[in-house]
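The residues making up each chain are set out below.
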Amino acid sequence: MTTTVPVGLAEQTEIEAYADFAAGAPTPVRDSLGIGSLRIGSALALAVREDPSRFFNRAGGFGADEPITADVAAQVCDFYREQGVPEGQFMIAPPLLPADWASTAGELNLTEGGRFVKLGCDIETALSAPDGVAALDPGLRVEPVEPHQADEWATVMMTTFGFTTPGMIDMAASCVGRPNWHQYAVRDGERIIAVGSIFVNGECADMFGGATLPEGRGRGAQSALLTARARAARAAGCRWLVAETGAEAVGEHNTSLHNMLRTGFEPLYERVTWIWRER
């Protein structure tokens, strides 16, 4: 990688994408799902009360502009309580953890959860990788998503990830055509079989929501979507790309991780998810 992505920018871009994806939904959708957000300096916290997966109850962007303090972390915990969620996540890059984090985590009842690999690369590195669009299986094509295709696109993404609570597909569909978002789909005939987005945050773009239906896997769809999204990020004036995916345990194989490595992404760090639960 020829240019290192600033850690603070990488973390901010990720949480800005999640917050806009959910909290940018229309008011009726936000109300029905119990969506709330809170900004504290560079940090952002998000909660979706009616989502039983608790995946979207997350906070990030810590330490980008100023050190993480126990007070900031406590404000996030209070936010989760006020939103009525039983569990929330803290996403903090290891280089940005303060020296007294173990003490803060103990005081706030934060425990270690899953681990994610944060990846990044500069645009030119991604675009010098093998062309995923050219390598698509015959009969498949990748194209931008138009507003009238939003529901189908959102259904593929959210059901593939298991987000089936009523309103979640409406939440996802509402981001199509919103500023700073670019959505792409791979079609087999007239049917969408794979999807992916980028969220543009100034010079940095987040690879967001890559998902493929089971019958579409192994046909080059996600590699094509990575190439298409890298091109879109360059056209939007971005300098860097970032992404995150689950860390591999011994004996595991994360296809998403290896797709990104082939596209020029490099691991920046492995990040622990810190879990808050109501006592």
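Residues numbered from 1 in each chain as written. Predicted model: local features only at pLDDT ≥ 70, side-chain atom pairs only at ≥ 80, totals over all residues. Heavy atoms only, no water.

### Here's the deal with the environment of G36
Quick note on the threshold: Each helix is a run of DSSP H or I of at least 4 residues and each strand a run of E of at least 2, with the numbering of both proceeding from the N terminus. Contacts were defined at the residue level, with two residues in contact if any of their heavy atoms lie within 4.5 Å.
Tracing the backbone through its elements, the reader meets G36 in strand β1 (residues 35-40). Sequence separation between G36 and A19 is 17 residues; the distance between their C-alpha atoms is 9.0 Å. With near-sequence residues (within four places) excluded, G36 lies in contact with A45, L46, A47, F79 and Q83.

### Thoughts on the nonpolar core
To keep it simple, the criterion reads: In plain words, nonpolar cores are sets of buried Ala, Val, Leu, Ile, Met, Phe, Trp, Tyr and Cys residues tied together by side-chain atoms within 4.5 Å. Burial classification: accessible surface area is computed with a 1.4 Å probe over protein chains only, and a residue below 20% of its type maximum counts as buried, one above 50% as exposed, and the rest as partly exposed.
If you look at the biggest cluster of nonpolar residues, it comprises 36 residues, and the most contacted ones within it are F21, F56, W153, M158, M168 and M171. Of all the elements in the fold, those that place two or more residues in this core are α1 (7-23), α2 (27-33), β2 (43-48), α6 (150-161), α7 (168-173), β7 (181-188), β8 (191-201) and β9 (204-212). Discounting residues that sit within four places of it in the chain, W153 has contacts with V145, A172, C175, V176, Q183, Y184, A185, I192, V195, G196 and S197. One finds I123, A228, A230 and A232 within the second-largest nonpolar core, a separate group that totals 30 residues.

### Examining the packing of helix α8 (residues 221-235) against helix α9 (residues 255-262)
To keep things clear, this is the line we draw: In this description, a line fitted to the C-alpha atoms serves as the axis of each element, helices being fitted only across the stretch in contact, and the angle between N-to-C directions of two axes falls anywhere from 0 to 180 degrees. Angle categories: roughly parallel below 35 degrees, roughly antiparallel above 145, roughly perpendicular from 65 to 115, and oblique for all the rest. Handedness of a helix crossing follows the sense of rotation of the near helix relative to the far helix, less than a right angle counterclockwise being left-handed and clockwise being right-handed. For this classification, the nonpolar set comprises Ala, Val, Leu, Ile, Met, Phe, Trp, Tyr, Cys and Pro, the charged set comprises Asp, Glu, Lys and Arg, and every other residue, Gly included, is treated as polar.
Running from N to C, α8 and α9 cross one another at 45°; their axes reach a closest spacing of 10 Å. Judged by the inter-axis angle, α8 sits oblique to α9. Two packed elements cross with a definite hand, and for α8 against α9 that hand is right-handed. Here Q222, S223 and L226 of α8 come into contact with α9, specifically with N259, M260 and R262. When grouped by side-chain class, the residues that make up the contact of α8 with α9 number two nonpolar, three polar and one charged.

### Things to note about α9
Given 3.6 residues per helical turn, the α-helix brings residues three or four places apart onto the same face. Selection rule: Along the arc lie the directions from the helix axis toward the C-beta atoms.
Taken together, the buried positions of α9 are L257, N259 and M260. Axial view of α9: buried residues confined to an arc of 165°, hence all on one face. Against β5 (110-122), α8 and β10 (240-246) lie the buried residues of α9. Just downstream of α9 lies G264, where phi reads positive at about 105°.

### Observations concerning the side chain of T245
With respect to the helices and strands, T245 occurs in strand β10. Setting aside residues up to four positions removed in sequence, T245 forms contacts with F116, V117, L119, N254, S256, L257 and M260.

### Quick word on the pairing of β2
Using the following cut-off: By definition, two strands form a pair when at least two bridges between them are found by DSSP.
In terms of burial, β2 is largely enclosed, as six of its six residues are buried. Of the two faces of β2, the one lined by A43, A45 and A47 and the one lined by L44, L46 and V48 are each fully buried. Pairing analysis gives six bridges linking β1 to β2, with the strands arranged antiparallel. Looking across to β2, one finds that R39 is bridged to L44. Hairpin connection from β1 to β2: two residues lie between these consecutive antiparallel strands, with G41 at a positive phi of about 65°. Both β2 and strand β3 (residues 58-60) contribute to a ladder of three bridges, which runs antiparallel. If you follow L44 over to β3, its bridge partner there is G60.

### Some details on the packing of aromatic side chains
Going by this rule: Planes of paired rings set the category: under 30 degrees apart is stacked, over 60 is edge-to-face and the rest tilted, where pairs are Phe, Tyr or Trp rings (Trp by its six-membered ring) whose centres lie within 6.5 Å.
Scanning the model with the defined rule gives 18 aromatic pairs in all. An angle of 20° between the planes, with centres 6.1 Å apart, marks the rings of F21 and F56 as stacked. Here F21, found in helix α1, pairs with F56, found in the loop between β2 and β3; they are 35 residues apart in sequence, far enough to count as distant. Given a relative accessible area of 1%, F21 falls into the buried group. Centroid distance F21 to W181: 6.0 Å. Interplanar angle 55°. Geometry classified as tilted. One end of the pair, F21, is in helix α1; the other, W181, is in strand β7, and 160 residues separate them in sequence. Each of the two residues, F21 as well as W181, counts as buried. Ring pairs connect the aromatic residues Y18, F21, F55, F56, F161, F163, W181, F199 and F208, which therefore count as one cluster.

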